[in-house]
Every structure is written in structure tokens, then in C-alpha cells.
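Here is what each chain is made of, one letter per residue.
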Amino acid sequence: MKIVVIGGTGLIGTKLCNNLRELGHEAVAAAPNTGVNTITGEGLKEALQGADVVVDVANSPSFEEQAVMEFFQTSGRNLLAAEAEAGVKHHVALSVVGSDRKPGNAYFRAKLAQEDLIRASGRPYTILRATQFYEFLNAIAHSGTKGEAIHISTAAFQPLAATDVAAALTKVTVGEPKNDVVEVAGPDRRPMSDFVQDYLKFYKESRDVVADAGAEYFGAPITDSSLTPGPNPIVGAIKFEDWLKTSPPPPR
């Protein structure tokens, strides 16, 4: 199949394209730096010509409330319209576990708006919601900094490796449209504060991690059900401790 990956030069897109090519598919990495822009429409029609499947893993360059909403709505509308014109048979989108629970988080609200556009489009689709990536733990730690300590929520957390996200996306992409949501999560479920503490300890970070039940997640209060999957998710294979051994150190 010809499979166009929107955001195909990023962390997940690059891994997905490599997986698809190994399976013998024609994977096109479409992104602004390859001449395809879903906001302006530049190169979109040409990239989708003859495509069987489109996978949208593009991300907003800004997480500011208005900017992130405008990105996912504009990009989503332009992409779905171009797919209808090109006769694409399957739209796959990467979203985030918890987007449907409408927390007070601008990014989650924007992802839910993107999902709503997909469902309303009438296009055959599959939405893959993933829990947070191990690769995002440094940003989570940074967001919880208060003076010399790092306050992190004790809410349940089930992150996974980007490699496992790409593997789940590969499976969904080469399968039939579900016209539904599929979830993928990591193999271990523990308090968020435990993951952050182990992450910083591995890199010999001197600041203390404070396990704080009231700590917010990027401005939003969370509970054990906010960021964890429902029943029967796809479960990633890479355990956190094994990922740590091969991950690059965080920027200082």
C-alpha cells in the first residue's frame, strides 16, 4: 500500500515509516520540511495522490490554548478534505489516552476536537490513543519544579516507549478501519511520582521528588483514571527500566 504519514519526520513518524517500509509498503514521510503542510495545504494534494492510508501523527508547534486548538482543527479539516478528494480508504490518527475525559488541559481538549472532526467526516478511520511516552518524563519533571523540589502527582500512570507506540500504530495502519478508538499503554502501572523519581535518580538528579497527591498535570488536576487506559489496551513490550538503560540523557 501507499501510506502517507503526516508528521512522518518526527519521533513517532520516523519509526512508523521505517516499520512500514520493512513490511514492504510505500511509506511517504509528509511534513513541512518535506514540502507538505496541512495548515496551508501546500503539497497536500500531491502527497495524497494514490494513497491508500493516511496516518496523522503531526503535533502542534505550540501548546498555548488557542494555538493548539487552531492547529488540530485547521490541520484536521484540510487533511480530511484532501483525503476525501483523493479517495483514501483509511484515516489513522494518533491521540492521547484521557482526551475524552475533558480535563482542564488545553492540549487534551484540542486532541478531542481533532477526534470529533474525524468521527464527523464520514471517512473510514481508526484512532489510536496512547498513554504518555517515557521520552516525555523530563518535561513532566520540569513542569513540577517548585524551587529546589519537584512536585509530582501520585495519580496512576502507565507510560510507554515511543518504539511501542510506533509498533501499535503499524498494526493499526495495516489493518482494516475500526471506526472506533484503540488504546495502547505501557506494561507497568504505578504512581506518576514513582516514574519521575526513578527517571531522575537514574540520571543522578540531586533535587528531591515530592509525591504530591494535589500536584497538577500541566495545569490540570488528575486522578487515577485521568491518564490510564480502559480495559484491554494494546500493551507495550518495553519495560521502563529497560528503556532507561538505552535512553539518551536529558538536556541539562
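Since this is a predicted model, take the numbers as computed values, not measurements. (Residues numbered from 1 in each chain as written. Predicted model: local features only at pLDDT ≥ 70, side-chain atom pairs only at ≥ 80, totals over all residues. Heavy atoms only, no water.)

Section: a nonpolar patch on the surface
Right, so step 1: On the surface, Met1, Leu23 and Val174 cluster together into a nonpolar patch covering about 260 Å² of accessible area.
Right, so step 2: Mapped onto the elements of the fold, Leu23 is located in the loop between α1 (11–22) and β2 (26–30).
Right, so step 3: Take Leu23: its relative accessible area is 53%, and that puts it in the exposed class. (Patch = residues over 30% accessible without salt bridge, like charges linked within 9 Å, V, L, I, M, F, W, Y side chains within 5 Å. Areas by Shrake-Rupley, 256 points an atom, 1.4 Å probe, with all protein chains shown as cover. Salt bridge = Lys/Arg side-chain N within 4 Å of Asp/Glu carboxyl O. Helix = DSSP H or I, 4+ residues; strand = E, 2+ residues; numbered from the N terminus. Buried < 20%, exposed > 50% of the residue type's maximum accessible area, 1.4 Å probe, protein only.)

With respect to the side chain of Asn37
Right, so step 1: Structurally, the position occupied by Asn37 is in the loop between β2 and α2 (44–48).
Right, so step 2: Polar side-chain contacts of Asn37 include one of 2.8 Å to the backbone nitrogen of Ile39.
Right, so step 3: Polar contacts involving the side chain of Asn37 include one to the main-chain amide nitrogen of Thr40, which spans 3.1 Å.
Right, so step 4: Not counting residues up to four positions away in its chain, the partners in contact with Asn37 are Pro32 and Glu42. (Polar contact = N/O pair within 3.5 Å; in protein donor to acceptor, adjacent residues only side chain to side chain. Contact = heavy atoms within 4.5 Å.)

Quick look at the pairing of strand β1 (residues 2–6)
Right, so step 1: Of all five residues making up β1, five are buried, and the element is well covered by its neighbours.
Right, so step 2: Neither face of β1 is left uncovered, since the one carrying Lys2, Val4 and Ile6 and the one carrying Ile3 and Val5 both have all their residues buried.
Right, so step 3: For β1 and β2, the ladder comprises five bridges, and the chain directions are parallel. If you follow Ile6 over to β2, its bridge partner there is Ala30.
Right, so step 4: Read from β1 through α1 to β2, the crossover connection turns out right-handed.
Right, so step 5: Relative to strand β3 (residues 53–56), β1 runs parallel, the two being bridged by four bridges. Within the sheet, the bridge partner assigned to Val5 lies in β3 and is Val55. (Pairing = 2+ DSSP bridges. Right-handed = clockwise from strand over helix to strand, strands pointing away.)

Everything listed here is a matter of coordinates, which is why it stays silent on function.
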